[in-house]
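The chain contents come next:
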Amino acid sequence: MKITFLGTGTSQGIPVIGSTHPVCLSSNFKDKRLRVSVLIQWDNYTYVIDCGPDFRQQMLRADCTKMDGILFTHEHADHTAGLDDIRPFFFKQGDIPIYAHKRVIKELKRRFDYIFETENKYPGAPNVLINKIKNKPFSLHNMKVVPIKGLHYNLQVFGFRFDRFAYLTDMKTIEDKEVDKLKDLDVLVVNALRKEPHVSHFTLDEALAFVKKVNPKKAYLTHISHLLGFHDEVQQQLPENVFLAYDNLQITI
Ligand SMILES: [Zn+2]
Ligand SMILES: [Zn+2]
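Since the structure is predicted, the reported quantities are computational estimates derived from the model, not experimental observations.

Conventions we followed
- Residues numbered from 1 in each chain as written.
- Chains lettered and ligands numbered in written order.
- Predicted model: local features only at pLDDT ≥ 70, side-chain atom pairs only at ≥ 80, totals over all residues.
- Heavy atoms only, no water.
- Donors = N, O, S within 2.8 Å, 3.2 Å for Na, K, Ca; no water.
- Tetrahedral: all angles 85-135°; square planar, octahedral: opposite > 155°, others 65-115°.
- Helix = DSSP H or I, 4+ residues; strand = E, 2+ residues; numbered from the N terminus.
- Buried < 20%, exposed > 50% of the residue type's maximum accessible area, 1.4 Å probe, protein only.
- Pairing = 2+ DSSP bridges.
- Axes fitted to C-alpha atoms, helices over the stretch in contact; angles between N-to-C directions.
- Contact = heavy atoms within 4.5 Å.
- Phe/Tyr/Trp six-rings, centres within 6.5 Å; stacked < 30°, edge-to-face > 60°.
- Lys NZ or Arg CZ within 6 Å of the ring centre and 35° of its normal.
- Arc of directions from axis to C-beta.

## Describing the coordination of the zinc ion (ligand 2)
- The zinc ion (ligand 2) binds to the protein through His74 (NE2), His76 (ND1), His152 (NE2) and Asp170 (OD), with metal-donor distances spanning 2.2 to 2.4 Å.
- Taken together, the four donor atoms surrounding the zinc ion (ligand 2) define angles of 88 to 173 degrees at the centre, an arrangement classified as irregular.
- The sequence pattern formed by the donor residues of the zinc ion (ligand 2) is H-x1-H-x75-H-x17-D.
- The metal-metal distance between the zinc ion (ligand 2) and the zinc ion (ligand 1) is 3.4 Å, with aspartate 170 coordinating both. Taken as a pair, histidine 152 in strand β8 (residues 143-152) and aspartate 170 in the loop between β10 (165-167) and α7 (176-179) lie far apart in primary sequence, 18 residues in all. As far as burial versus exposure is concerned, histidine 152 and aspartate 170 are alike and both buried.

If you want it as structure tokens, here you go:
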């Protein structure tokens, strides 16, 4: 299984528009972060988790030529705003499968009403195949996917486990029975926004405590704000099996 970090930034991305913060002005490519998303490929299959406003650029950058489906963690715009840009995949392949909690599907229908239109649909609008997921495992071809439920302030979000890889973003609290689903991981990806407290995201310390609890072989941190600091400086402060993810990073599991 090959994982590509398409974006590792928080909702505004890095650099933030108009910002003169030193991290936003950094010339290090690891300090430039598109909105959070990850590409998961195994055998001949290609899936993406979330489809934010940078989706088009991310697909071009990753040279992605087909899309077997999109899994959504939750409905926030930094995870969903790129849905219209599935059009090139739709034109080549037909309906694109999407997987999300029923509340998220409802939100997508409201925001992208023309995509979900069933009568007199405007030609050129893409079509999706809706898969509502609950908090129980489902299959993508030969892969078992296990949803992990957490809270993002008071909003339910799903993380996803694929075999010995798990991807969790926009988490603030996770019940122990959900943490139990994360045993024996090779790689855990989890969000770490910044050092200062935040109402709906793990801080760096909270993310590190969570990594310790889950105890994967390796962990990568994502959904990073410019306020966390320079990539290279923060990386030096992390335990030896914990890494800051950065855009275009690829790992094989
Ligand atoms: Zn987010
Ligand atoms: Zn969010």
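## Re the coordination of the zinc ion (ligand 1)
- Donor atoms from the polypeptide that bind the zinc ion (ligand 1) are Asp78 (OD), His79 (NE2), Asp170 (OD) and His223 (NE2), placed at 2.1 to 2.3 Å.
- Angles of 93 to 165 degrees at the metal separate the four donor atoms of the zinc ion (ligand 1), which places the site in the irregular class.
- Within one chain, the residues serving as donors to the zinc ion (ligand 1) are arranged as D-H-x90-D-x52-H.

## Observations regarding the sheet that holds strand β3 (residues 45-49)
- With respect to topology, seven strands assemble into an open sheet ordered β6-β5-β4-β3-β2-β1-β14, the strand pairing being mixed. Only two strands of the sheet have a single partner each, and these edge strands are β6 (128-132) and β14 (250-252). The mean angle between the axes of side-by-side strands here comes to 20 degrees, regardless of whether they run parallel or antiparallel.
- The pairing of strand β4 (residues 69-71) with strand β5 (residues 96-100) spans two bridges and is classified as parallel. Bridging from a neighbouring strand, leucine 71 pairs with tyrosine 99 of β5.

## Quick word on the sheet that holds strand β11 (residues 187-191)
- Spatially, the seven strands line up as an open sheet ordered β7-β8-β9-β10-β11-β12-β13, and their pairing is mixed. Strands at the two margins of the open sheet, each flanked by one partner only, are β7 (138-140) and β13 (242-244). Ignoring which end each strand starts from, the neighbouring axes of this sheet average 25 degrees apart.
- Taken together, the three bridges between strand β12 (residues 218-222) and β13 define a ladder with parallel strand orientation. For alanine 219, the partnering residue across the bridge sits in β13 and is valine 242.
- Across the sheet, helix α8 (residues 204-214) touches β11, β12 and β13, and the angle it forms with β11 is around 155 degrees.

## A word on the packing of aromatic side chains
- What the rule picks out here adds up to 13 aromatic pairs.
- Joined through ring pairs, the aromatic side chains of Trp42, Tyr45, Tyr47, Tyr99, Phe138 and Phe162 make up one cluster.
- The aromatic ring of tyrosine 246 is capped on one face by lysine 30, whose charged end is 4.6 Å from the ring centroid.

## Description of the pairing of β8
- Buried residues dominate β8, accounting for seven of its ten residues.
- The pairing of β7 with β8 spans three bridges and is antiparallel. From the neighbouring strand, phenylalanine 138 faces β8, where its bridge partner is valine 145.
- The pairing of β8 with strand β9 (residues 155-162) spans eight bridges and is classified as antiparallel. In the strand pairing of β9, valine 145 is matched with phenylalanine 162.

## A look at helix α5 (residues 102-111)
- Every buried residue belonging to α5 is among Val104, Ile105, Glu107 and Leu108, and all of these are buried. Buried residues of α5 fall within an arc of 160 degrees about the axis and therefore sit on the same side. More than 90 degrees from the buried face of α5, the exposed residues found are Lys102, Lys106 and Arg110.

## Overview of the side chain of histidine 231
- Looking at where histidine 231 falls in the secondary structure, it is placed in helix α9 (residues 231-236).
- The contact partners of histidine 231, leaving out residues within four places of it in the chain, are Lys30, Asp31, Arg33, Leu244, Ala245 and Tyr246.

## Overview of the pairing of β5
- Of all five residues that make up β5, five are buried, and the element is covered over most of its length.
- Every second residue of β5 is oriented toward a common face, with Ile96, Ile98 and Ala100 on one face and Pro97 and Tyr99 on the other, all of them buried.
- Relative to β6, β5 is paired through five bridges, and the arrangement is parallel. Of the residues in β6, the one forming a bridge with isoleucine 96 is valine 128.

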